[in-house]
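Listed below are the residues making up each chain.
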Amino acid sequence: MMTKPNHLTILFIAGALMLWMTSCKQAEPTLSAETVLTSVALTVDASLSATPEASATATATATPTETATPTASPTAQATQAAPTQASTAPAGANCDAATFAEDVSIPDGTQLAFDTDFIKTWKILNAGTCTWNADYAVIFVSGSDMDGTSPTYLTLDAVVPGNMVDISVEMTAPDSTGKFTGYWRMQNADGVAFGDTFYVEIEVVKPGETKVPTATTDTTTLTPTATDTLPTDTPTATDTP
C-alpha cells in the first residue's frame, strides 16, 4: 500500500534536483530556479494525486426479497340448518286431517241404565298426508266425558293416509236420567287437535225401564167412492088370455 510523501521528502527531492542541474557539464540551457520548482511541484502533485484505486469488490449482498405471506382466503362455512320434517304433501294440503266415517258401537240415542259401563267406538278416516302412530290419540273436547279416558292413544303403530281406524274409548253412563252427549277429536304427536269433531250420545234411564219408541200409525180414513147404479129392466106383465 503506497503512502503519500511528506513535506520534508519533497524539499529534499527538490534540492537534489537543483544541485544535479547546476553541476551538469553538458551544454544545455540553464533552467531557472522557478522552472525547477514548478516542475518539482507538478511531479509532487502527480505523485500525490496518483492514489491507488481501491478495487473495492462490490459484494453483492442478496437483499432478501419480501416474501408475500399468503392470506387465508375465506372458506365458505356451511351453515347447518335446523332439521325440518320432510313433507310429501302437495301445496295447501294438511299433514294431519281426520274425517268421521261412522259409529261402530253405541248408536246415537242408545238407552243405558245408571252407571252402566260401555265402549264407544268410532271409525275415523286418516284424510291427511301424514301417517298416524301410537303417539296420536283421541281427546275429550266438550259436553259430558262419561268418565272416558282423555287422551286415549291409538293401539296401532301406523295408520297411513287414506286408511280408516276404529278408535274405542271406555265410558260409564252417568248416574242420573236424561240425554248426554260428549264431543271428541283427534290429537297429533305434538298435542294439537285436528280434524272432525265426533261425539257419543246416549239416554240414561232407570234400571228395568226401557222406553220403546212409539210407532207412527197412519190414521188416514179411506172413503169409498160412489159407484154408478145401472138401471135394471123391469119385466112387463103379459096379458093372459
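Here the structure is a predicted model, which means the values were calculated and not measured. (Residues numbered from 1 in each chain as written. Predicted model: local features only at pLDDT ≥ 70, side-chain atom pairs only at ≥ 80, totals over all residues. Heavy atoms only, no water.)

In this section: the overall build of the protein chain. Check the secondary structure of the protein chain and you find 2 helices and 8 strands. Going from N to C terminus, the protein chain has its helices and strands arranged as α-α-β-β-β-β-β-β-β-β. Within the protein chain, contacts between residues separated by at least 24 positions form 70% of all contacts whose residues are at least 6 apart in sequence. (Helix = DSSP H or I, 4+ residues; strand = E, 2+ residues; numbered from the N terminus. Contact = heavy atoms within 4.5 Å.)

In this structure, threonine 121 sits in strand E3 (residues 117-126). Residue classification places threonine 121 among the buried positions, given a relative accessible area of 9%. Those residues within four positions of threonine 121 in sequence are excluded, and the remaining contacts are Asp103, Val104, Ser105, Asp166, Ile167 and Ser168. (Buried < 20%, exposed > 50% of the residue type's maximum accessible area, 1.4 Å probe, protein only.)

Attention now moves to the pattern of salt bridges. Under the defined criterion, the tally for this structure stands at 2 salt bridges. One salt bridge in this structure joins aspartate 103 and lysine 120, with 2.9 Å as the shortest N-O distance. Here aspartate 103 is found in strand E1 (residues 98-103), whereas its partner lysine 120 is found in strand E3, with 17 residues between them in sequence. Aspartate 103 sits in the partly exposed class, given a relative accessible area of 27%. Assessed through its relative accessible area of 0%, lysine 120 is described here as buried. (Salt bridge = Lys/Arg side-chain N within 4 Å of Asp/Glu carboxyl O.)

On the surface, a cluster of negative charge is made up of Asp115, Asp117, Asp145, Asp147, Glu170 and Asp175. In this fold, aspartate 115 is placed in the loop between strand E2 (110-113) and E3. (Patch = residues over 30% accessible without salt bridge, like charges linked within 9 Å, V, L, I, M, F, W, Y side chains within 5 Å. Areas by Shrake-Rupley, 256 points an atom, 1.4 Å probe, with all protein chains shown as cover. Lys, Arg positive; Asp, Glu negative; His and termini not counted. Charge placed at Lys NZ, Arg CZ, Asp CG, Glu CD.)

Next up on the list: the packing of aromatic side chains. How two aromatic rings sit relative to each other is given by the distance of their centres and the angle of their planes. Counting across every chain of the model gives 7 aromatic pairs. Ring plane angle 85° and centroid distance 6.1 Å describe the contact between tyrosine 136 and phenylalanine 194, whose orientation is recorded as edge-to-face. In this pair, tyrosine 136 is assigned in the loop between E3 and strand E4 (137-143) and phenylalanine 194 in strand E8 (residues 193-205), connecting sequence segments 58 residues apart. The same class applies to tyrosine 136 as to phenylalanine 194, namely buried. Measuring from centroid to centroid gives 5.6 Å for phenylalanine 140 and tryptophan 184, while their planes differ by 70°, and the two rings are edge-to-face. Of this pair, phenylalanine 140 sits in strand E4 while tryptophan 184 is found in strand E7 (residues 178-187), placing the two residues 44 residues apart along the sequence. What links up through ring pairs into an aromatic cluster is the set Trp122, Phe140, Trp184 and Phe198. (Phe/Tyr/Trp six-rings, centres within 6.5 Å; stacked < 30°, edge-to-face > 60°.)

Glancing now at a nonpolar patch on the surface. The grouping of Val141, Tyr183 and Tyr199 at the surface amounts to a nonpolar patch, some 240 Å² of accessible area in total. Mapping tyrosine 183 onto the fold places it in strand E7.

Spatial ordering of the open sheet is given by E2-E8-E7-E4-E5, a layout of 5 strands whose pairing is mixed. The sheet is open, and its two borders are formed by E2 and strand E5 (152-153), each paired with just one other strand. Bridge count between E4 and E5: 2 bridges; the pairing is antiparallel. Bridged to valine 138 within E5 is threonine 152. (Pairing = 2+ DSSP bridges.)

What follows covers the sheet that holds E3. Here 3 strands make up an open sheet; going across it, the order is E1-E3-E6 and the pairing antiparallel. The sheet terminates laterally at E1 and strand E6 (164-172), the two strands that pair on one side only. Strand-to-strand twist of the sheet, defined as the mean angle between neighbouring strand axes without regard to direction, takes the value 35°. Where E3 and E6 come together, 9 bridges link them in antiparallel fashion. Note on E6: the bridge partner recorded for lysine 120 is valine 169. (Axes fitted to C-alpha atoms, helices over the stretch in contact; angles between N-to-C directions.)

Any link to function would need more than the numbers given here.
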